[in-house]
Amino acid sequence: MPPPAPHKPFVVKSTTARDVTIAVIGGGVLLAFVFWGILHMSQDVNGHPLLNGKIVAKHFQPRPEEQLSIGRGGLDEKNLDGIYTMDVRTPDGKTYTVFVEKPVYDSHRTGDDLSFLPPPPKTP
């Protein structure tokens, strides 16, 4: 059996300054886009006027459920009794159904004032 033929080493062409420049600029643009997205996602809801009105009815639909979420503190478990909603009538006569958390539901009574974000506009 003849001895194996020596293999030629596979030589990779070195990276040129042009390739490095394109990679750095592309990475910088991508990183800037990610930071821009993070900043805009975390902005408060400024520029949206709050609607004000009087609570005309409170509703509770029992629907026990367990919600799990993953965050900085690890796994977070939240037990919900059901869905809490309030019907709120604004001064222009429109009535909105507002979904609220249990503490807000318990702290307000029928006839109290409530400020809330307007619903998103309907798309055709």
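Residues numbered from 1 in each chain as written. Predicted model: local features only at pLDDT ≥ 70, side-chain atom pairs only at ≥ 80, totals over all residues. Heavy atoms only, no water.

Observations regarding the overall build of the chain
Part 1 of the argument: A count of helical and extended segments in the chain gives two helices and four strands.
Part 2 of the argument: Ordering the α and β elements of the chain from the N terminus gives α-β-β-β-α-β.
Part 3 of the argument: Along the first, second and third principal axes, the C-alpha atoms of the chain reach 95 × 40 × 35 Å.
Part 4 of the argument: Looking at the chain residue by residue over its 124 residues, the buried ones come to 14%.
Part 5 of the argument: Across the chain, contacts joining residues at least 24 apart in sequence account for 51% of those joining residues at least 6 apart.
Part 6 of the argument: A total of about 10,900 Å² of accessible surface is found on the chain, and carbon and sulfur atoms cover 62% of it.
Part 7 of the argument: On the chain, the mean spot of the 13 positive side-chain charges and the mean spot of the 13 negative ones are 9 Å from each other. (Helix = DSSP H or I, 4+ residues; strand = E, 2+ residues; numbered from the N terminus. Buried < 20%, exposed > 50% of the residue type's maximum accessible area, 1.4 Å probe, protein only. Contact = heavy atoms within 4.5 Å. Areas by Shrake-Rupley, 256 points an atom, 1.4 Å probe, with all protein chains shown as cover. Lys, Arg positive; Asp, Glu negative; His and termini not counted. Charge placed at Lys NZ, Arg CZ, Asp CG, Glu CD.)

Re the side chain of Thr90
Part 1 of the argument: Relative to the elements of secondary structure, Thr90 occurs in the loop between β2 (74-89) and β3 (95-100).
Part 2 of the argument: In terms of polar contacts, Thr90 uses its side chain to reach the side chain of Asp92, at 2.3 Å.
Part 3 of the argument: The residues contacting Thr90, other than those within four sequence positions of it, are Leu51, Asn52, Gly53, Tyr96 and Phe116. (Polar contact = N/O pair within 3.5 Å; in protein donor to acceptor, adjacent residues only side chain to side chain.)

With respect to the pairing of strand β4 (residues 113-116)
Part 1 of the argument: Because side chains alternate across β4, one face comprises the buried residues Leu114 and Phe116, and the other comprises Asp113 and Ser115, none of which is buried.
Part 2 of the argument: Judged from the four bridges that link them, strand β1 (residues 51-71) and β4 form a sheet pairing that is antiparallel. Paired with Lys54 across the strands is Asp113, a residue of β4. (Pairing = 2+ DSSP bridges.)

Focus: a nonpolar patch on the surface
Part 1 of the argument: On the surface, a nonpolar cluster with roughly 910 Å² of combined accessible area is contributed by Leu30, Leu31, Phe33, Val34, Phe35, Trp36, Ile38 and Met41.
Part 2 of the argument: Mapped onto the fold, Ile38 is located in helix α1 (residues 17-41). (Patch = residues over 30% accessible without salt bridge, like charges linked within 9 Å, V, L, I, M, F, W, Y side chains within 5 Å. Salt bridge = Lys/Arg side-chain N within 4 Å of Asp/Glu carboxyl O.)

A few points about the sheet that holds β2
What holds strands together in a sheet is hydrogen bonding between their backbones, with the strands either parallel or antiparallel.
Part 1 of the argument: Strand order in the open sheet formed by four strands is β3-β2-β1-β4, with antiparallel pairing between adjacent strands. Sheet topology places β3 and β4 at the edges, where each strand pairs with a single neighbour. Looking at each pair of strands side by side, their axes are set apart by 30° on average, direction ignored. (Axes fitted to C-alpha atoms, helices over the stretch in contact; angles between N-to-C directions.)

Quick word on the pairing of β1
Each regular strand shows side chains that alternate between the opposite faces of the sheet.
Part 1 of the argument: Examined bridge by bridge, β1 and β2 share 15 bridges and lie antiparallel to one another. Bridge pairing in β2 places Ile55 opposite Val88.
Part 2 of the argument: Here β1 folds back onto β2 in antiparallel fashion, the turn holding two residues.

Description of the packing of aromatic side chains
Part 1 of the argument: For the coordinates displayed, the defined rule picks out four aromatic pairs.
Part 2 of the argument: Between Tyr84 and Tyr105 the ring centres are 4.8 Å apart and the planes differ by 55°, which places this aromatic pair in the tilted class. Here Tyr84 is found in strand β2, whereas its partner Tyr105 is found in helix α2 (residues 102-107), with 21 residues between them in sequence.
Part 3 of the argument: On the basis of relative accessibility, which here comes to 13%, the residue Tyr105 falls in the buried class.
Part 4 of the argument: Linked through ring pairs, Phe60, Tyr84 and Tyr105 together constitute an aromatic cluster. (Phe/Tyr/Trp six-rings, centres within 6.5 Å; stacked < 30°, edge-to-face > 60°.)

What about the pattern of salt bridges?
Two side chains with opposite charge may pair up if their charged atoms get near one another.
Part 1 of the argument: On inspection of all chains with the given rule, the structure shows three salt bridges.
Part 2 of the argument: Salt-bridge contacts for Lys78 lead to Glu101; the nearest nitrogen and oxygen are separated by 3.5 Å. Of this pair, Lys78 sits in strand β2 while Glu101 sits in the loop between β3 and α2; the two residues are 23 residues apart in sequence, bridging distant segments of the chain.
Part 3 of the argument: For Lys78, a relative accessible area of 37% puts it in the partly exposed group.

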